[in-house]
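Listed below, chain by chain, are the residues.
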Amino acid sequence: MRSENFRIRISDVEDKDSIGSIYNKAISEGEGYSDRDEELLKFPDDEPIERLYKSNVTFVAELNDEVVGWCSLYVEKNLVDGLFVHPDYQSKGIGSELLRTVEEEARARGISKIWVSSDTHVVEYYSSKGYAIVEKTEMEAINTDETIPCVIMIKDLDTEVTA
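Predicted, not measured: the structure shown is a model, and the values here were computed from it.

(A) Representation of the environment of L63 within the structure. As for its placement among the helices and strands, L63 is situated in strand β2 (residues 57-63). In this structure the C-alpha to C-alpha distance between L63 and F6, which are 57 residues apart in sequence, comes to 4.4 Å.

Pasting the structure below:
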């Protein structure tokens, strides 16, 4: 079911608490994450990494003036640096619209290929959006020196036809 009442805007520093809270809710309550993933991936005290709201271009989705999702472009690395929607608002088209917005921003900046490095359980989602697996590897956990399985995927933005 698609929710037509949300709007996408560029994030600012005031959104950092919402960004951290949504990320942690998605990790702890969303599908595909294990208890181990939750422990290794959650931001301490909902405090997101600074680049998400300072140096990246991050977009948020608002529904009734509440931030319910976000997606970030790490411009220096041509990387989708997170796509998270609060579990109560998933499967309503919000994540797809956020991802589309980040891809448009990348194109506007002359980026022709965009990467995503994420948990293995999202392969089907990103594949459905035109991303292809380049490598299966591991990523560092946020709070420890441990690693968790992940995939690196790529999308050629030049070959995609945009509406």
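Still to come is the rest of the account.
(B) Layout of the environment of W115. Along the chain, W115 falls in strand β5 (residues 113-119). A relative accessible area of 31% places W115 in the partly exposed class. The spacing of W115 and I154 is 39 residues in sequence and 4.5 Å in space, taken between C-alpha atoms. Setting aside residues no more than four positions away along its own chain, W115 makes contact with K77, N78, L79, V80, V134, I152, M153 and I154.

(C) Fine view of unusual backbone geometry. At N64, a position not held by glycine, the phi torsion is positive, near 50 degrees. Structurally, N64 can be placed in the loop between β2 and β3 (66-74). Its identity as a non-glycine residue notwithstanding, S91 has a phi of 65 degrees, on the positive side. Its place among the elements puts S91 in the loop between β4 (79-85) and α3 (94-108). Under the relative-accessibility criterion, S91 is labelled exposed at 68%.

(D) Layout of the pairing of β5. Pairing geometry for β4 and β5, over 2 bridges, is parallel. Bridged to L79 within β5 is W115. For the crossover from β4 across α3 to β5, the handedness is right-handed. Pairing of β5 with strand β7 (residues 147-156), which is carried by 7 bridges, proceeds in the antiparallel orientation. Its bridge partner being in β7, D119 is matched across the sheet by C150.

Procedures and definitions
Within each chain, residue numbers correspond to sequence positions counted from 1 in written order. Given that the model is predicted, a residue must reach a pLDDT of at least 70 before its local features are reported, and side-chain atom pairs must reach 80 or more before they are shown or counted; all residues, however, enter totals for whole chains, interfaces and linings. Excluding hydrogens and water, the side-chain values take into account all heavy atoms of the structure. Put simply, DSSP marks the helices as runs of H or I at least four residues long and the strands as runs of E at least two long, and each gets a number from the N terminus on. The rule is simple: take the accessible area with a 1.4 Å probe, protein chains only, and divide by the maximum for that residue type; under 20% is buried, over 50% is exposed, in between is partly exposed. Should any heavy atoms of two residues lie within 4.5 Å, those residues are considered in contact. Here, any two strands with at least 2 DSSP bridges between them count as paired. If the strands point away from the viewer and the path from the first strand over the helix to the second runs clockwise, then the crossover is right-handed.

Note that every value here comes from positions in space, so none of it alone points to a role or purpose.
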